[in-house]
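Next come the chains, spelled out residue by residue.
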Amino acid sequence: MEEPKCEWTERIAVDYVKGILQPKPTCDTWDQIWDFQARPDDLLICTYPKAGTTWTQEIVDLILNDGDVDRTQRAPTHVRFPFIEWIIPSIGSVCWGSWHDHVKGWWEARDQHRILYLFYEDLKTILAPSLIEFDTPILDKIVHHSSFDVMKQNPMANYTVVPAEVMDHSVSPFMRKGTVGDWRNHFTVAQNERFDEDYQRKMAGTSLTFQF
Ligand SMILES: Nc1ncnc2c1ncn2[C@@H]1O[C@H](COP(=O)(O)O)[C@@H](OP(=O)(O)O)[C@H]1O
Ligand SMILES: CCc1ccc(OS(=O)(=O)O)cc1
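Residues numbered from 1 in each chain as written. Chains lettered and ligands numbered in written order. Predicted model: local features only at pLDDT ≥ 70, side-chain atom pairs only at ≥ 80, totals over all residues. Heavy atoms only, no water.

Enquirer: Would you take a moment to explain the side chain of H145 for this structure?
Expert: One can find H145 in helix 8 (residues 137–145). Its relative accessible area of 19% is what places H145 among the buried residues. Ignoring sequence-local partners within four residues, the contact set of H145 consists of E58, L62, V69, V150 and M151. (Helix = DSSP H or I, 4+ residues; strand = E, 2+ residues; numbered from the N terminus. Buried < 20%, exposed > 50% of the residue type's maximum accessible area, 1.4 Å probe, protein only. Contact = heavy atoms within 4.5 Å.)

This is the structure:
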């Protein structure tokens, strides 16, 4: 496989905090992050990167604004939804800890807290244009404006307003494909076997299942 090309080689340093690799600024401000006190009506979106964060943010903002795009297009996603910890790490280092621990941890916590556990794959099915019948014009607008094709054209939701040094859309647009199962177009049989073995081992003992 060809190495991804990127001119911007001097990216931010990483370090460990609580045994998890994180961008250095996150490590340096960890005490503040840990001490974060949510208000009762705060809404936290807790996704593993690349798992549908931006889509969820758009849906939430559309719901909070009754589907009014004049209001949701007030600013780009990262301004509308500040990240508690968020710096892009150096190329090659995978930060934010294990995906398996992330999804299992929130799964186990879902009964003790007010957690709505969402699956990207379910949202794709539930919000499929051919399946959904809208009850209200507001719901209609929310679903329309959070669809992949519409978000891809929305500069306030597609990350085209961030500098190319941060995200170079000529390498890959952020709104890339938005489909389930695209791994089949990229994994070899051998890679898939390795993935399956690793997945079975790390997800053993949980009732959590994914339809990918
Ligand atoms: N409205 C939408 N519908 C479906 N997928 C969406 C979407 N908006 C963003 N995505 C997809 O969510 C992924 C990015 O997730 P995150 O926001 O957590 O980084 C990208 O996946 P692909 O690269 O597979 O297309 C992106 O295309
Ligand atoms: C602006 C850079 C960037 C990087 C990664 C993103 O995805 S996620 O929200 O962390 O999943 C979005 C924007």
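Enquirer: Explanation requested: the environment of G105 in the structure shown.
Expert: When you line up the elements, G105 lands in helix 6 (residues 99–109). Once the C-alpha coordinates of G105 and V60 are considered, the two residues, 45 residues apart in sequence, prove to be 22 Å apart.

Enquirer: Sorry, what's going on with the packing of helix 6 against helix 10 (residues 189–202) here?
Expert: How two helices sit against one another is set out by the angle between their axes and by the gap between those axes. Where helix 6 meets helix 10, the axes come as close as 10 Å, and the angle between the chain directions of the two elements is 40°. Between helix 6 and helix 10, the crossing angle belongs to the class labelled oblique. Here the hand of the crossing between helix 6 and helix 10 comes out right-handed. Across the interface between the two elements, W99, H100 and K104 from helix 6 touch D198, Y199 and K202 from helix 10. Each residue belonging to the contact of helix 6 with helix 10 can be placed in one class, and the counts come to two nonpolar, one polar and three charged. (Axes fitted to C-alpha atoms, helices over the stretch in contact; angles between N-to-C directions. Parallel < 35°, antiparallel > 145°, perpendicular 65-115°, else oblique. Left-handed = near helix turned anticlockwise from the far one by under 90°. Nonpolar A, V, L, I, M, F, W, Y, C, P; charged D, E, K, R; others polar.)

Enquirer: Teacher, can you tell me more about the nonpolar core here?
Expert: Here is a general trend for soluble globular proteins: nonpolar side chains tend to be buried in one another's company. If you look at the biggest cluster of nonpolar residues, it comprises eight residues: V103, W107, Y117, F119, Y199, M203, L208 and F210. Contacts of F210, omitting those with residues within four sequence positions, involve W99, V103, Y117, F119, E121, Y199 and M203. Counting residues in hydrophobic clusters, the runner-up holds six residues, among them I59, M151, A157 and M175. (Core = buried A, V, L, I, M, F, W, Y, C linked by side-chain atoms within 4.5 Å.)

Enquirer: Honestly, the pairing of strand 2 (residues 20–23) in this entry has me stumped. Any pointers?
Expert: A regular strand carries its side chains on alternate faces of the sheet. As paired strands, strand 1 (residues 14–17) and strand 2 are joined by four bridges and run antiparallel to one another. Bridge pairing links V17 to I20 in strand 2. Between strand 1 and strand 2, which pair antiparallel one after the other, the connecting turn spans two residues, and K18 there sits at a positive phi close to 55°. (Pairing = 2+ DSSP bridges.)

Enquirer: Could you clarify how one ought to interpret the site of ligand 1 in this entry?
Expert: Near ligand 1 lie 16 residues; those nearest to it are T53, T54, Y120, K177 and G178. At 3.1 Å from an oxygen atom of ligand 1 is found a main-chain nitrogen or oxygen belonging to K50. Going through the elements one at a time, helix 3 (53–64) and helix 9 (148–152) are the ones with two or more residues in the shell around ligand 1. The element contributing the most residues to the shell around ligand 1 is helix 3, with three residues. Within the shell around ligand 1, the residues separate by chemical class into seven nonpolar, six polar and three charged. (Near = heavy atom within 4 Å. Polar contact = N/O pair within 3.5 Å; in protein donor to acceptor, adjacent residues only side chain to side chain.)

Enquirer: Can you walk me through the packing of aromatic side chains in this structure?
Expert: Working definition: an aromatic ring pair is given by the centre-to-centre distance plus the angle between the planes. Tallying each qualifying case throughout the model produces 14 aromatic pairs. Relative to F119, the ring of W107 has its centre 6.2 Å away and its plane inclined at 65°; by these criteria the two rings are edge-to-face. On the criterion of sequence distance, the pair formed by W107 in helix 6 and F119 in the loop between helix 6 and helix 7 (120–126) is long-range, its members being twelve residues apart. The same class applies to W107 and to F119, which are both buried. The interplanar angle of 70° and the centroid separation of 6.0 Å between the aromatic rings of F187 and F195 together place this pair among those described as edge-to-face. Note on F187: relative accessible area 35%, which makes it partly exposed. Judged by its relative accessible area of 31%, F195 is partly exposed. (Phe/Tyr/Trp six-rings, centres within 6.5 Å; stacked < 30°, edge-to-face > 60°.)

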